[in-house]
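Fold and geometry: a report
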Amino acid sequence: MSAMTSRQTALTRRTWLKTGMLGVAAMASAPLLFERVARAERDVGARRKVLVVVFQRGGVDGLSMVVPYAESGYRRDRPGIALAPPGKDDGALDLDGQFGLHPRLAPLEPMFRAGELALVHAVGSPHPTRSHFDAQDYLETGTPGRHSTRDGWLNRCLASAPAPGATPFRAVAFGERLPRALQGRSEALAMKNLRNFGLRGRRRFEQRLHGAFSALYAGGEDPLLRAGRQALQASRRVRELDPKSYVPANGASYPEQGRALGEVAQLIKADVGLELAFIDLGGWDTHAGQGSSAGQLGRRLDILGRSLAGFRADLGEHMRDVVVLTMSEFGRTVAQNGSGGTDHGHATAMMVLGGPVQGGKVYGRWPGLEPEQRFEGRDLAVTTDFRDLFGEIVTKHLGVTDLGRVFPDHPNDAARSLGILRG
Amino acid sequence: VRRPAEGELGFVFRERQHDRGEKRVLGEHFAAGGGEEEGRRLLSLLARHPATARHLARKLCQRFVADTPPPGCVTSVEKAYKDSGGEIRELVRAVVRSPEFWDPRHRGNKLKSPLEFLASAARALGAVPDGELGLARSSAGLGQPLLLQAVPTGYPEAAEDWVNSGAVLARMNFAVALATGNVPGLPVNLERTLGTDSAIEPLVTVANGRLLGGRASARTLETLRSELAAIDDPEERRQLAVALALGGPDFQRQ
């Protein structure tokens, strides 16, 4: 029920306009209204914290992203796909004498050295499922083992963090559909991309169409009507932003498949009120022909590395208020399979980068790779529950106060946090 | 299973990609060194599993009755699966014979998928696709590239997976493009569909009847009237009527 009350008290500019049209004078609480609106206006200009979530959908092989090159079991069980050790041709990039970064993630190495990039190993869900659909669901609902949860943990964060001024861009997902993680009561925008987002029609028709569709989708809390209204509001603002003429700063560039991060950077710099961005990056389900430094997985990591490095360069000073989190529903088997790939496993590795990050370190307790140290004898064991990592980030960075609502089945014990962010 | 993009459908055995190791599936043992017969045995094992009956029953009821499938309907379809050995005719028969199927609460309640939206828009206008791939691209643009769903569970059925700001905007844009004859592969003739009378009241009535099944909401009718009144040109008026009717909320429901 507390979700209800926080929604009701969070006065948006839209409700203000609507009540305004009905006649503010008729409302007893008018002075309070003015004060709240004024506060909301101020917030839009204030420094806003942004969390960018990159979902490596498909189950990324954490053991190839952050390579435990010092473990004998690593090379033994992966004769065809293990990365060469640091110092060897196209070998892993040494991080701390124990772990190395995949060579295709080299663009991120300077960030690790500068303390802006932290890595978390052996992180994942306590639930044993190896089904993509179940594991993705659990990672997005934040309730492992519970199928009945309809909304996502990122959406619940929106209700549990201080509400900003009215903006349709508070939470934006790039992709065909709104991901489960952002589905729920709080409004979140979904767009394939920013540059083509907008209502299109013959020039002189466009204003009329905007007005007419706004009237058709007015009133009512039905999700369809809500989505229509939000789309039209955002469409107006995107037109002003003129995303097609955007030029990244500091000579930054993005690979074609990483353009969504460039659009996130643009939204951050345009100060439209973005707090949560969600990007889906697929292609990690490497059952066959995974490759080592080159090959299928290497190509995907190359895109990821160059995209994130481009994003960092493009944002420059803005990065002090931004945290990027990569996540995946599970890792992959320790041993390679008969097809030169790896199968669905358990724990994986995640990256956290940005200004507030205490980086330059690989976090998490390392469980080891020997069969008796593994989960069910085959997978890297989970030693960090993903909710402890995510919980720390949203508490410290987004100001979420009620973590029990974000991760309801979890103790949310601050003592279990990794200390990965300052503050 | 062959990928549709490869041009042909059906089961295919690829010797080189087969994992010849020992396997255990649902408690059944598959000895090392097996080949194609393993695949057939696996499919048969899955088809006879009770969870399959339940799962497919749920999916059918979700498709034809409601996003949250009523338990009574699911149980009858599940029984039909078991009784008939998975005969699809019997399953559909069980769906339409269930009282839940006819319950007024479940009528006009499901949201159209992008493909359903596109096909019903074309039908409503009596537009005949030219058979080329342009229209398939429109379906992709609306969020449903044909036969290309990345995950093996297929396209989702529930409204929450299709309703979002970007998707609704794409439907509005499609409606505008279709009304103005700008959808590749789908030429329209609005005069033929809506008639030559472009006076407001007759036009609103025929748009409601032809495009919205006579079920337009009061808000839709009111918006159509006031917006159409601002346009003088008869063809532009028809275009706006079609764009608003097909892009508005009423048309998004089955």
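Procedures and definitions
- Residues numbered from 1 in each chain as written.
- Chains lettered and ligands numbered in written order.
- Predicted model: local features only at pLDDT ≥ 70, side-chain atom pairs only at ≥ 80, totals over all residues.
- Heavy atoms only, no water.
- Helix = DSSP H or I, 4+ residues; strand = E, 2+ residues; numbered from the N terminus.
- Rg over C-alpha atoms; globule rule 2.2 N^0.38 Å.
- Buried < 20%, exposed > 50% of the residue type's maximum accessible area, 1.4 Å probe, protein only.
- Contact = heavy atoms within 4.5 Å.
- Pairing = 2+ DSSP bridges.
- Arc of directions from axis to C-beta.
- Disulfide = S-S within 2.5 Å.
- Buried area = accessible area lost by both parts, 1.4 Å probe.
- Salt bridge = Lys/Arg side-chain N within 4 Å of Asp/Glu carboxyl O.

**Regarding the overall build of chain B**
For chain B, the count of helices and strands is 13 helices and 2 strands. Relative to a compact globule of 254 residues, whose C-alpha radius of gyration would be 18 Å, chain B shows 23 Å and is clearly more extended. With the principal axes as the frame, chain B shows a C-alpha extent of 75 × 45 × 30 Å. Within the span of chain B, comprising 254 residues, buried residues form 43% of the whole. Pairs at least 24 residues apart make up 58% of the contacts formed inside chain B by residues separated by at least 6 positions.

**Concerning the pairing of strand β6 (residues 171-174) of chain A**
Residues and elements named next belong to chain A. Side chains A171 and A173 project from β6 onto one buried face, and the interleaved V172 and F174 project onto a second face that is buried too. Bridging between β6 and strand β8 (residues 276-281) involves 4 bridges; their strand directions are parallel. Note on β8: the bridge partner recorded for A173 is F278. As paired strands, β6 and strand β7 (residues 189-191) are joined by 3 bridges and run parallel to one another. Note that in β7 the partner of F174 across the bridge is M191.

**Observations regarding helix α12 (residues 218-228) of chain B**
For α12 of chain B, the complete set of buried residues consists of T220, L221, T223, L224, E227 and L228 of chain B. Around the axis of α12 of chain B, the buried residues are gathered within 165 degrees of arc, so they sit on the same side. Turned more than 90 degrees from where α12 of chain B packs its buried face, A218 and E222 of chain B sit exposed. Close packing links the buried residues of α12 of chain B with α9 (203-216) of chain A together with α11 (200-212) and α13 (234-247) of chain B.

**Notes on the state of the cysteines**
Residue and element names in this part refer to chain B. According to the stated counting rule, one finds 0 disulfides over all chains in the structure shown. Here C61 is not cross-linked by a disulfide; its sulfur's nearest cysteine counterpart is in C73, at 3.0 Å. Residue C61 is classed as buried on the basis of its relative accessible area, which comes to 0%.

**What about the interface of chain B and chain A?**
Between chain B and chain A, the residue contacts involve 41 residues of the former and 40 residues of the latter. Of the roughly 3,500 Å² buried between chain B and chain A on both sides combined, carbon and sulfur atoms contribute 59%. The largest per-residue losses of area from chain B upon contact with chain A belong to E160, S165 and L169 of chain B, which jointly make up 16% of the total buried on that side. Connecting chain B to chain A are 4 salt bridges. R180 of chain A is the partner of E160 of chain B in a salt bridge, and the nearest nitrogen-oxygen pair spans 3.2 Å.

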